[in-house]
Amino acid sequence: MEAEFTFRGPVVWRPTPELVAQSNIKAFMDRRGLADFDELMRWSTEDVGRFWEAVLADLDIRFDRPYERILDTSRGIAWAQWCVGGKLNIVTNCLDKWLGTPTQNRAAVCWEGEEGQTHTLTYLDLYYEVNRMANALRSLGLKKGDAIGLYMPMIPEIVIALLAIVKIGGIVLPLFSGYAAPAIATRLIDAEAQVLFTADGVYRRGQVVPMKDIADEAVAQSPSVQHVITVKRVGREALPWQAGRDHWWHELIEGQPRQAASEPTDAEDPLMIIYTSGTTGKPKGAVHTHCGFPIKSAQDIWFGLDLKPSDTLYWVTDMGWMMGPWEVFGTTLLGATMLLYDGAPDYPDPDRLWALVERHAVTVLGISPTLVRALMRYGDEFVKRHDLSSLRLLGSTGEPWNPDPWLWFFHTVGGGRLPIINYSGGTEVSGGIVMGNVLTPLKPTAFSRPVPGMAADVVDDEGRSLRGQVGELVVRQPWIGMTRGFWKDPDRYIQTYWSRFPDVWVHGDWAAVDEDGLWYILGRSDDTIKVAGKRLGPAEVESILVGHPAVSEAAAIGVPDPLKGQEVVCFCVLKPGYAPDADLREALKERVAQHLGKPLKPREVKFVRDLPKTRNAKVMRRVIRAAYLGQDPGDLSSLENPAAVEEIRRAV
């Protein structure tokens, strides 16, 4: 897809000398005698070990036993090991480190529910509550290495549970709160989870969604799960309950001591498995470690968002997506405050998000382009109702921007004075490959540069560097946050990221660098669908459709949507004896929604007699998408059945 890259517009923001002088990244550079950002980038990607040692030092990451070597690539770059020989349970740096300091009295978690309830936990409160839950988990027989699922609303208890799992040396399994039961079960089964945290229900637009019922349905399919721990969130009276397996959160922690020892863990022991969908097969479990994901998260927030202990960060996310744990680890390692909101960001009124910013004096706000597109429909009035002067930085991630929403966010919300720190990477990265910063100028929709420590490049089909053209986003050096592989599937990890060019991570995004050195992400280069920032593998949708007795083959594609970025469109080939009709079409849509959750319900289901395939039977989703959108499908020479392309066009 190499193509000339069109210049994206003028510089609209430049940092003030005061912002630069007071920034975290400038202080880091000054301590190392680095003259400018370009010199920092060179050092961080050419002397990788020393750079990450400097990051660990400046973040004051304390080890129970010092590491012997910062980086070991003896097994190859793809299997790099970090902080070799070191002992580190990261929760001691998130919580224990702050005891006896002024930080212990600072708010760690501020929370607001859709119904208006609020609650705040200081670092000392959080420390005590995490210890109580850690003791409760141990009382159930949980131990180091046990996987524990989090299927919960964005309430303070989800932070407590996450850190308590880490405290006992368990493996956190974050699950999207909008998943249907089969999607939860798939992940619980793969990770062999022992416990699932959930809630009796959750409020969404004034209605109660019964989470416990969905959790029970998932657990019924997951034989490894021995315990379900439920938070009383909405106060449901009649609740399904299984004696011996089910526990109320408040009853389980009652009487538990407020002190608990952290389990000794190696720096490279597994901390978390976050599942992310690819273009083929079952969801991939990205494995992260104590010295990996949290360090990368904190570094990105520290360098890119310039977060200071006095800041309050609110990133609109769910704990099931990477940005949830990223916010928890990043803010607590830096001693700052996170805001959680459990509810719809435009309920009961379109200004709910802006009211949250004002009410909680949010200083750094992170939001997806999808949500910006949704909120700008309401006009400027709802933003102008609120005093947003507490904000000093805006952030965004999820999918590529369009210029108009970017400019609306910049001018209407940021008043033209705040940078939008654009951020793109992924679950397997532990954060960003490219990101804005407070040292360099910004253009609409752009990223300032790669994140320090990320040896990013844009390359052509032969792996040669490109500038001014569209190419593949790659990374040429290891970094501390890279996944330690896919859970129980090392071959798939190598095939996904390392099989195209020797010792080069191919990320799967189209990217470009303009003549001023600013970076742009232009969408997925593989078939991954991204609905409102949520990555979805076509194969996951297709498997659900083919599970219906009427469907023999299916293909799922992502198509542009002005609000969500992309929506799912499906093409199905029916078995003999079945006829296409409106009822079947609706049944298939509902089937996908029941398995994956309503947000991922297909926009359309189309019936065709054949799907375009290569000679080795690979379905050509690229061709299907082009035919659906009326675009040039490109080279069809590898197709076994070119007539199927016309079949797609007729269906549309």
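In this text the structure is predicted, and so the values were computed from the model without any measurement.

The rules behind the values
- Residues numbered from 1 in each chain as written.
- Predicted model: local features only at pLDDT ≥ 70, side-chain atom pairs only at ≥ 80, totals over all residues.
- Heavy atoms only, no water.
- Disulfide = S-S within 2.5 Å.
- Pairing = 2+ DSSP bridges.
- Helix = DSSP H or I, 4+ residues; strand = E, 2+ residues; numbered from the N terminus.
- Axes fitted to C-alpha atoms, helices over the stretch in contact; angles between N-to-C directions.
- Parallel < 35°, antiparallel > 145°, perpendicular 65-115°, else oblique.
- Contact = heavy atoms within 4.5 Å.
- Nonpolar A, V, L, I, M, F, W, Y, C, P; charged D, E, K, R; others polar.
- Salt bridge = Lys/Arg side-chain N within 4 Å of Asp/Glu carboxyl O.
- Buried < 20%, exposed > 50% of the residue type's maximum accessible area, 1.4 Å probe, protein only.
- Arc of directions from axis to C-beta.
- Lys, Arg positive; Asp, Glu negative; His and termini not counted.
- Phe/Tyr/Trp six-rings, centres within 6.5 Å; stacked < 30°, edge-to-face > 60°.
- Polar contact = N/O pair within 3.5 Å; in protein donor to acceptor, adjacent residues only side chain to side chain.

Below, the discussion takes up the state of the cysteines. Under the defined criterion, the tally for this structure stands at zero disulfides. Between Cys-83, a cysteine without a disulfide, and Cys-291, which holds the nearest cysteine sulfur, the sulfur-to-sulfur distance is 3.9 Å. The structure places no disulfide on Cys-570, whose sulfur is separated from the nearest cysteine sulfur, that of Cys-572, by 6.1 Å.

It is worth spelling out the sheet that holds strand 17 (residues 393-396) at this point. Spatially, 4-3-15-14-16-17-18-19-20 is the arrangement adopted by the nine strands of the open sheet, whose pairing is mixed. Either end of the sheet is taken by a strand with one partner, and the two such strands are strand 4 (118-122) and strand 20 (449-450). As judged from the five bridges shared by strand 3 (residues 107-113) and strand 4, these two strands associate in the antiparallel manner. Pairing of Glu-112 across the sheet is with Thr-118, part of strand 4.

Between helix 4 (residues 48-58) and helix 11 (residues 293-303), whose axes approach to 11 Å, the crossing angle comes to 80°. Taken as axis vectors, helix 4 and helix 11 run roughly perpendicular relative to one another. Judged by residue contacts, Phe-51, Trp-52, Val-55, Leu-56 and Asp-58 of helix 4 engage Ile-295, Lys-296, Gln-299, Trp-302 and Phe-303 from helix 11. For the contact of helix 4 with helix 11, the class distribution of residues is seven nonpolar, one polar and two charged.

This brings us to the packing of helix 3 (residues 37-46) against helix 4. Between helix 3 and helix 4, the shortest axis-to-axis distance is 5 Å and the interhelical angle comes to 110°. When the axis of helix 3 is compared with that of helix 4, the two are roughly perpendicular. Across from Leu-40, Trp-43, Ser-44, Thr-45 and Glu-46 in helix 3, the residues of helix 4 making contact are Val-48, Arg-50, Phe-51 and Ala-54. When its residues are assigned to classes, the contact of helix 3 with helix 4 shows five nonpolar, two polar and two charged.

Attention now moves to the sheet that holds strand 22 (residues 471-475). In space, the four strands of this open sheet follow the order 21-22-23-24, with antiparallel pairing throughout. The sheet terminates laterally at strand 21 (456-459) and strand 24 (519-524), the two strands that pair on one side only. For this sheet, the mean angle separating the axes of adjacent strands, direction not counted, is 45°. Note that strand 22 and strand 23 (residues 505-513) share four bridges and pair antiparallel. Across the sheet, residue Gly-471 finds its bridge partner in strand 23, namely Ala-511.

Once that is clear, we can look at the pattern of salt bridges. Tallying each qualifying case throughout the model produces 50 salt bridges. A salt bridge links Asp-216 to Lys-212; the shortest N-O distance between them is 3.0 Å. Pair noted here: Asp-216 and Lys-212 are both in helix 9 (residues 211-219), with a separation of four residues, about one helical turn. When sorted by exposure, Asp-216 lands in the same class as Lys-212, which is buried. For Arg-621, the salt bridge is made with Glu-542, and the minimal N-O distance between the two is 2.9 Å. Pair noted here: Arg-621 is in helix 20 (residues 621-629) and Glu-542 is in helix 18 (residues 538-546), with a separation of 79 residues, a long-range link. Like Glu-542, Arg-621 is buried. Ionic contacts of the salt-bridge type, sharing partners, join the residues Glu-115, Arg-204, Arg-233 and Asp-342 into one network.

Moving on, we come to unusual backbone geometry. Cis geometry is adopted by the peptide bond preceding Pro-348, which originates at Tyr-347 and carries an omega value of 0°. In this fold, Pro-348 is placed in the loop between strand 15 (337-342) and helix 13 (352-359). Look at Asp-60: it is not a glycine, yet its phi comes out positive at around 55°. Locating Asp-60 in the fold gives a position in the loop between helix 4 and strand 1 (69-72). For Asp-60, a relative accessible area of 33% gives the class partly exposed. With a phi close to 55°, Arg-205 is a non-glycine residue in the positive phi region.

Tracing the sequence through the fold places Val-208 in strand 9 (residues 207-209). Val-208 has contacts with Val-202, Tyr-203, Val-234 and Arg-236, leaving out every residue within four places of it along the chain.

Glancing now at helix 9. All of the buried residues in helix 9 are Met-211, Lys-212, Ala-215, Asp-216, Ala-218 and Val-219. When helix 9 is viewed along its axis, its buried side chains cluster within an angular range of 160° and face the same direction.

Below, the discussion takes up the side chain of Lys-589. In this fold, Lys-589 is placed in helix 19 (residues 582-596). Despite its burial, Lys-589 remains without a salt bridge, the nearest opposite charge being carried by Glu-586 at 4.1 Å. Setting aside chain neighbours within four positions, we find Lys-589 in contact with Lys-601, Pro-602, Arg-603, Glu-604 and Val-605.

A separate point is the packing of aromatic side chains. Applying the stated rule across the entire model yields 33 aromatic pairs. On the basis of an interplanar angle of 70° and a centroid distance of 6.1 Å, the ring pair of Tyr-179 and Trp-321 is categorised as edge-to-face. Here the residue Tyr-179 occupies a position in the loop between strand 6 (171-174) and helix 8 (181-191), and Trp-321 occupies one in the loop between strand 14 (312-315) and helix 12 (323-334), the gap between them amounting to 142 residues. In this pair, the class of Tyr-179 matches that of Trp-321, namely buried. Plain terms: the ring middles of Trp-498 and Trp-505 are 5.7 Å apart, the flat faces sit at 85° to each other, and that makes the pair edge-to-face. For Trp-505, a relative accessible area of 0% puts it in the buried group. An aromatic cluster is built from Phe-28, Trp-43, Phe-51, Trp-52, Trp-82, Trp-302 and Phe-303, whose rings are joined through pairwise contacts.

With that settled, consider the side chain of Thr-337. Considering the arrangement of structural elements, one finds Thr-337 in strand 15. For Thr-337, a relative accessible area of 6% gives the class buried. Among the polar contacts listed, one links the side chain of Thr-337 to the backbone oxygen of Ala-107, at a separation of 2.5 Å. The residues contacting Thr-337, other than those within four sequence positions of it, are Arg-106, Ala-107, Ala-108, Cys-110, Asp-311, Thr-312, Leu-313 and Thr-331.

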